[in-house]
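Below are the chains, spelled out letter by letter.
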Amino acid sequence: MTQKYYDYHMHSLVSMDSSMDMSDACAQAVRTGMSGICFTEHQDYFSDHAAKNSRGHVEIDMDFYDRQIRLVQAQYGNRLSICQGVELGLQDCNVEEVRAFLSQHSFDYIIGSVHTIERKEISTGAFYEGKTKDAAYAAYFRAVYDMIMTQPIFHCLGHLDLVRRYKGYGDNAIDYNKFSILIDEILRALIERGKGLEVNTAGIRYGVGSMHPDMPILKRYRQLGGEIITCGSDAHRRDHVAMDIKEAYALLKECGFTYVSRFVGGKEEKIPLK
Ligand SMILES: [Zn+2]
Ligand SMILES: [Zn+2]
């Protein structure tokens, strides 16, 4: 049996920061040898993003999303498994909004991500202002931990160590030993709650020097008994779909994992790593 590959993180034109056509994404996935993909469109509350609405949110038009998914499933369903997911931007001020949203919509797969802390966006650099690098990184990891404790409504934690991506300090290197207590708390909290971790390959494209999270965290997650792990490109354009997914699978094998996960209808499926 040959290895089956799944890209479980990407944004189409349903998301505010992408104009990728879903059928283009599917075509690229088929071309690059993926067995399946999952769209994980952005839903962020109290965001600083330019595309926020009058309530300060970045929200999915769910009717449009449903229609788009049905179209590509009809077009590509015999060649590609196409799942409908969401990437939720989670922070302590949006518990009620997220609960209300999830009570009305169901998804194959939910990524829980920290994009904004104390209403300051990481991607715009606002979060880094007035903080030393160590203070910013520690505050980020604490926010991730708090999010897992207060809103364990996701399947996998998105791009752990995202704080490195935007290089708030020019140099984004991170000494994992310095943050090992915080990181261990995060990994243990995930494992105890039956939540998974994502390997987000976009770190390579952004020049971070590794995927998110970096290998020491992946190895530690495994060592602590973690075994739910998905891989995603975080593509926002067609040529990034499936990028470095095969490399991510190889990395996971190197870290001691024997399976990679995907989710369909909210249920985990384990894909053997060959
Ligand atoms: Zn994200
Ligand atoms: Zn994303």
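Since the structure is predicted, the reported quantities are computational estimates derived from the model, not experimental observations. (Residues numbered from 1 in each chain as written. Chains lettered and ligands numbered in written order. Predicted model: local features only at pLDDT ≥ 70, side-chain atom pairs only at ≥ 80, totals over all residues. Heavy atoms only, no water.)

## A word on helix H5 (residues 180-192)
- For H5, built from 13 residues, the straight-helix expectation of 18 Å at 1.5 Å per residue is met to within 8% by its first-to-last C-alpha distance of 18 Å.
- Among the residues of H5, Leu182, Ile183, Asp184, Ile186, Leu187, Ala189 and Leu190 are the ones counted as buried.
- Looking at the buried side of H5, the elements it contacts are helix H4 (133-150), strand E7 (156-157), strand E8 (196-200) and helix H7 (215-223).
- Positive phi shows up at Gly194, right after H5, with a value of about 70 degrees. (Helix = DSSP H or I, 4+ residues; strand = E, 2+ residues; numbered from the N terminus. Expected span 1.5 Å × (residues − 1). Buried < 20%, exposed > 50% of the residue type's maximum accessible area, 1.4 Å probe, protein only. Contact = heavy atoms within 4.5 Å.)

## Focus: the side chain of Asn172
- By the element assignment, Asn172 lies in the loop between E7 and H5.
- Classification of Asn172 as buried rests on a relative accessible area of 10%.
- Reaching out from Asn172, the side chain makes a polar contact with the backbone oxygen of Arg164 at a distance of 3.2 Å.
- Discounting residues that sit within four places of it in the chain, Asn172 has contacts with Lys133, Tyr137, Arg164, Lys167 and Val208. (Polar contact = N/O pair within 3.5 Å; in protein donor to acceptor, adjacent residues only side chain to side chain.)

## A few points about the coordination of the zinc ion (ligand 2)
- The protein atoms donating to the zinc ion (ligand 2) are His9 (NE2), His11 (NE2), Glu87 (OE) and Asp234 (OD), with metal-donor distances spanning 2.1 to 2.3 Å.
- With four donor atoms in place around the zinc ion (ligand 2) and angles of 82 to 171 degrees between them, the coordination shape is irregular.
- Between the two metal centres, the zinc ion (ligand 2) and the zinc ion (ligand 1), the spacing is 3.5 Å, with Glu87 acting as a shared donor.
- Given the relative accessible area of 0%, His9 is considered buried. (Donors = N, O, S within 2.8 Å, 3.2 Å for Na, K, Ca; no water. Tetrahedral: all angles 85-135°; square planar, octahedral: opposite > 155°, others 65-115°.)

## Here's the deal with the packing of H5 against H7
- For the pair H5 and H7, the least separation of the axes is 10 Å and the interaxial angle reads 45 degrees. The orientation of H5 with respect to H7, classified from their angle, is oblique. For the element pair H5 and H7, the recorded crossing hand is right-handed. The residues of H7 that touch H5, namely those facing Ile183, Asp184, Leu187, Arg188 and Ile191, are Ile217, Arg220 and Tyr221.
- Here the residues of the contact of H5 with H7 are counted per class, giving five nonpolar, no polar and three charged. (Axes fitted to C-alpha atoms, helices over the stretch in contact; angles between N-to-C directions. Parallel < 35°, antiparallel > 145°, perpendicular 65-115°, else oblique. Left-handed = near helix turned anticlockwise from the far one by under 90°. Nonpolar A, V, L, I, M, F, W, Y, C, P; charged D, E, K, R; others polar.)

## Some details on the packing of helix H1 (residues 22-31) against helix H2 (residues 62-76)
- Here H1 crosses H2 at 40 degrees, and the two axes come no closer than 9 Å. The hand of the H1/H2 crossing is right-handed. On H2, the residues touching Met22, Ser23, Cys26, Ala27 and Val30 of H1 are Tyr65, Gln68, Ile69, Val72, Gln75 and Tyr76.
- Of the residues in the contact of H1 with H2, the class split is eight nonpolar, three polar and no charged.

## Section: the coordination of the zinc ion (ligand 1)
- Bound to the zinc ion (ligand 1) are the protein donor atoms Glu87 (OE), His115 (NE2) and His159 (NE2), situated 2.1 to 2.2 Å from the metal.
- Site description for the zinc ion (ligand 1): donor spacing in sequence, E-x27-H-x43-H.

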